[in-house]
Amino acid sequence: QVQLVESGGGLVQAGDSLRLSCAASGRTFSSYAVGWFRQAPGKEREFVASISRSGPWTYYADSVKGRSTISRDNAKSTVYLQMNSLKPEDTAVYFCAATLRPSSTVATSNGNGMDYWGKGTLVTVSS
């Protein structure tokens, strides 16, 4: 009963930055932990980052740690993923997903435990 829409993807050069947005509607947004996942064509979905309901807890994949920041604005029902120093290997469709489960379960699930998904936004990083 929550709808998610991602935006902010595009074609960028290696070293550039992007801020992805995940806008939610349909239910109280603060009830959900939210995660970002990505999937390249022919590859498995992988975890990127997650954030707890009210925002005090965040988790990052090693591949993006130190150059990415996940945040949320519950008043706007939006979660953001700021990605800096983008690399060609960051190229993928990025999805946001929400769950009523604790945020600590998101990082290790590869998204399998998430309840609601957006349709994704494509990030392409050229070298």
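Conventions and cut-offs
- Residues numbered from 1 in each chain as written.
- Predicted model: local features only at pLDDT ≥ 70, side-chain atom pairs only at ≥ 80, totals over all residues.
- Heavy atoms only, no water.
- Helix = DSSP H or I, 4+ residues; strand = E, 2+ residues; numbered from the N terminus.
- Buried < 20%, exposed > 50% of the residue type's maximum accessible area, 1.4 Å probe, protein only.
- Contact = heavy atoms within 4.5 Å.
- Phe/Tyr/Trp six-rings, centres within 6.5 Å; stacked < 30°, edge-to-face > 60°.

I keep staring at the environment of Ser103 and nothing clicks. Help me out?
Topologically, Ser103 is positioned in the loop between β9 (92-99) and β10 (116-117). Residues Ser103 and Ser63, 40 residues apart in the sequence, show an inter-C-alpha distance of 19 Å.

Would you mind going over the environment of Phe95 with me for this structure?
Inspection of the secondary structure assignment puts Phe95 in strand β9. On the basis of relative accessibility, which here comes to 17%, the residue Phe95 falls in the buried class. Sequence separation of Phe95 and Glu6 is 89 residues, and the distance between their C-alpha atoms is 6.9 Å. Phe95 has contacts with Glu6, Gly35, Trp36, Phe37, Gln39, Trp117, Gly118, Lys119 and Gly120, leaving out every residue within four places of it along the chain.

Explain the packing of aromatic side chains here, please?
Each aromatic ring pair is described using two quantities: the centre-to-centre distance and the angle formed by the ring planes. According to the stated counting rule, one finds four aromatic pairs in the structure shown. Judged by centre distance (5.2 Å) and plane angle (50°), the rings of Phe37 and Trp117 are tilted. With Phe37 in strand β4 (residues 33-39) and Trp117 in strand β10, this residue pair connects regions lying 80 residues apart in the sequence. Look at Phe95 and Trp117: their rings are 6.2 Å apart centre to centre, the planes differ by 80°, and that puts the pair in the edge-to-face class. Of this pair, Phe95 sits in strand β9 while Trp117 sits in strand β10; the two residues are 22 residues apart in sequence, bridging distant segments of the chain. On the accessibility criterion, Trp117 (30% relative accessible area) is partly exposed.

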